[in-house]
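# Fold and contact review
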Amino acid sequence: MRIADLPAADRPRERLLSRGVEALADRELLALLLGSGAEGCDVVELAGQLIARHGGLYELSRADAHELAVGMPGIGPAKAARVAAAFQLARRAAPADPGGRQRIRGSADLAALAAPLLTSLRHERVVIIICDSAGMVLRTAILTEGVADRSLLPVRDVLALVLAAGGTAFGVAHNHPTGRVEPSEPDRLATARLAAGAEAVGLKFLDHVVVTDHEWRRVAHG
């Protein structure tokens, strides 16, 4: 059943337009993305089933498109892609720093700026933040993507990116999909190599932090 086939009073789009987005339940918002239900199941019911299947909206937000489409009648590649894209847009739209800061003054600033790009992921990602000599942010970028428990900090690529952007200082951050914030031994070794490489080419290495969904921690490097 499509949204258009629902009674007018039950249509999420009409309710959103008349009462505002806050009036809709999670499953109704998700139903707007799905657009249509499955055989014997209207779109709002399908949205509720999808949320329940993943154990809640937060866990659903962490699922990739391929996972969403597997074994769920009524959820094909197109719907799965729309849902995954919507959650990714929400992460990208989150302010990097609620206080509006665009300067890295310490490890906490680095973690706050990187967090929107690192939370709610099931794979490991490395983010680089490039600054000028005053700590003003010139560029924030995703450096590498990988899998859990794998260090992805190619020193040569990091330094080349900083120099190409005209930066004089930089910091890096990565997530631990396991949720454990403790830096690993490979994290510490990679950090030491980055610090040494930065010094060799005259760049200032600000810090390296591990960011999880709930906290962050600095990676010590001697």
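None of these values were measured; they are calculated from a predicted model. (Residues numbered from 1 in each chain as written. Predicted model: local features only at pLDDT ≥ 70, side-chain atom pairs only at ≥ 80, totals over all residues. Heavy atoms only, no water.)

Time to look at the pairing of strand S4 (residues 204–211). A large share of S4 lies buried, amounting to six of its eight residues. As paired strands, strand S3 (residues 169–175) and S4 are joined by six bridges and run parallel to one another. Paired with Ala169 across the strands is Lys204, a residue of S4. In the classification by handedness, the crossover that spans S3, the intervening helix H9 (residues 185–200) and the parallel S4 is right-handed. Sheet analysis places S4 next to strand S5 (residues 216–218), joined by three bridges and oriented antiparallel. Paired with Val210 across the strands is Arg217, a residue of S5. (Buried < 20%, exposed > 50% of the residue type's maximum accessible area, 1.4 Å probe, protein only. Helix = DSSP H or I, 4+ residues; strand = E, 2+ residues; numbered from the N terminus. Pairing = 2+ DSSP bridges. Right-handed = clockwise from strand over helix to strand, strands pointing away.)

To continue, consider the side chain of Thr119. Locating Thr119 in the fold gives a position in the loop between helix H7 (107–118) and strand S1 (125–131). The residues contacting Thr119, other than those within four sequence positions of it, are Arg91, Thr212 and Asp213. (Contact = heavy atoms within 4.5 Å.)

This part covers the packing of aromatic side chains. Summed over the entire model, instances satisfying the criterion amount to one aromatic pair. With centroids separated by 5.3 Å and ring planes inclined at 50°, the aromatic side chains of Phe170 and Phe205 adopt a geometry described as tilted. One end of the pair, Phe170, is in strand S3; the other, Phe205, is in strand S4, with 35 residues separating them in the sequence. Accessibility assignment for this pair places Phe170 and Phe205 in one class, buried. (Phe/Tyr/Trp six-rings, centres within 6.5 Å; stacked < 30°, edge-to-face > 60°.)

With that settled, the discussion passes to helix H8 (residues 155–164). When H8 is considered as a whole, its buried residues turn out to be Val158, Leu159, Leu161 and Val162. Each buried residue of H8 sits inside an arc of 160° when the element is viewed along its axis, so together they form one side. Exposed residues pointing more than 90 degrees away from the buried face of H8 are listed as Arg156 and Ala164. Residues of H8 that are buried sit in contact with S1, strand S2 (137–145), S3 and H9. Trailing H8 by a residue or two, Gly166 shows a phi angle of about 75°, which is positive. (Arc of directions from axis to C-beta.)

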